[in-house]
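# Close look at the chain arrangement
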Amino acid sequence: MLRDQLRKEQTKEHFVLNAATAKHVLRGQREPIISYILQCCAMANYNAVTADVCMVYVDRVLSNMDIPKSTLSLIAMCCLHIAVKYEEIEDVVLSTTALRNMFAPQYCQDTVLRMESALLSELGWKLGCVTTSHFIESILKICDGATHEFERIEKETDEEEEWTIDYVDKLSSMSLEMYKGVLADPAICGAVLPSVLATACIGAARAKLGLFPAVTREMEVASNVSESNLSEIHGWLIEHCLNIYVARNDPDCVSSGDDYDKNNTIGSVAVPMRQGSNDNEKVKELTDEFGRFVDVYSPTGVLEASSLSSFRDDDFVAA
């Protein structure tokens, strides 16, 4: 699978975001959309790859289109729904009823279905893509977690710490956290290959956890990075990932205006949250509440979705 991913990122199948011309980047819309999608994924317990694939769809659609601010949440939600059906198992795919009530209750079911159809048409039904999250998962899997019991751990303090199997899960989570911060930087996402960025994120995570060297020989072989890419990784990418991670997690480095978790909005639309309960309780409450509605599912296959092809683009815009 990793070999196939490496092949795809070198072909036209791989979408490259142009930060200099992408309209949603120039309008400052991309970062709040990312925050919105990440919070939606956290509420519904979707994996990192799903969020990443969703952002590729969003970037492809919004790069060349002028979209009203009030419609951004609808586009983001429908792109997420398409990504969920492409990447997640069928059991976790929400019905349209649950989807709109959880993330965008101001839109009717008909509007959601027509937007989804319009997006599929805009994407040309080409939903397969290669993302940095794909590479992070694949590299970690091939490298057996990319950390082993014989490794030395160098902490900032003088105290010695022994390696445990928990470091495998810690490294996986930390690698995705590193990428979560970089994802909002359109310049890097457009200029650095996903395999190279994935290697840098894992390397930054290893450095943060005190595992050295940051990039092991088996990681170099697995990701097939060139000498120039390896120089780029060690030269600035790992340090850049670490700096963003520190800025996002140090309260002294982040202003209150950047805290999207407290008031996560795109335009005037916010992800509905319940007060006084943790994330798991919120998801359960939302699931129980939406279970009372009659579920309406949007199409999950090409043949089913073809029934929606009668909707015209001008109909969708009017909606």
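Shown above is the structure to which this text applies.
Before going into details, it helps to say that this report is about the structure given with it.

Criteria and thresholds
- Residues numbered from 1 in each chain as written.
- Predicted model: local features only at pLDDT ≥ 70, side-chain atom pairs only at ≥ 80, totals over all residues.
- Heavy atoms only, no water.
- Phe/Tyr/Trp six-rings, centres within 6.5 Å; stacked < 30°, edge-to-face > 60°.
- Lys NZ or Arg CZ within 6 Å of the ring centre and 35° of its normal.
- Salt bridge = Lys/Arg side-chain N within 4 Å of Asp/Glu carboxyl O.
- Helix = DSSP H or I, 4+ residues; strand = E, 2+ residues; numbered from the N terminus.
- Contact = heavy atoms within 4.5 Å.

Attention now moves to the packing of aromatic side chains. Counted under the stated rule, the structure contains zero aromatic pairs. Here the guanidinium or amino end of Lys 170 rests over the ring plane of Tyr 167, the centre of that ring lying 4.7 Å away.

Moving on, we come to the pattern of salt bridges. Applying the stated criterion across every chain yields a total of 12 salt bridges. The partner of Asp 110 in a salt bridge is Arg 114, with the nearest N and O atoms 3.2 Å apart. With Asp 110 and Arg 114 both in helix α7 (residues 109-122) and four residues apart, this pair spans about one turn of that helix. Notably, a salt bridge pairs Glu 151 with Arg 206, separated by 2.4 Å at the nearest N-O pair. Of this pair, Glu 151 sits in the loop between α8 (132-142) and α9 (166-182) while Arg 206 sits in helix α11 (residues 194-209), placing them 55 residues apart in sequence.

Quick look at the side chain of Asp 59 now. In this fold, Asp 59 is placed in helix α4 (residues 48-62). When sequence neighbours within four positions are dropped, the list of residues in contact with Asp 59 reads Phe 15, Leu 17, His 24 and Arg 30.

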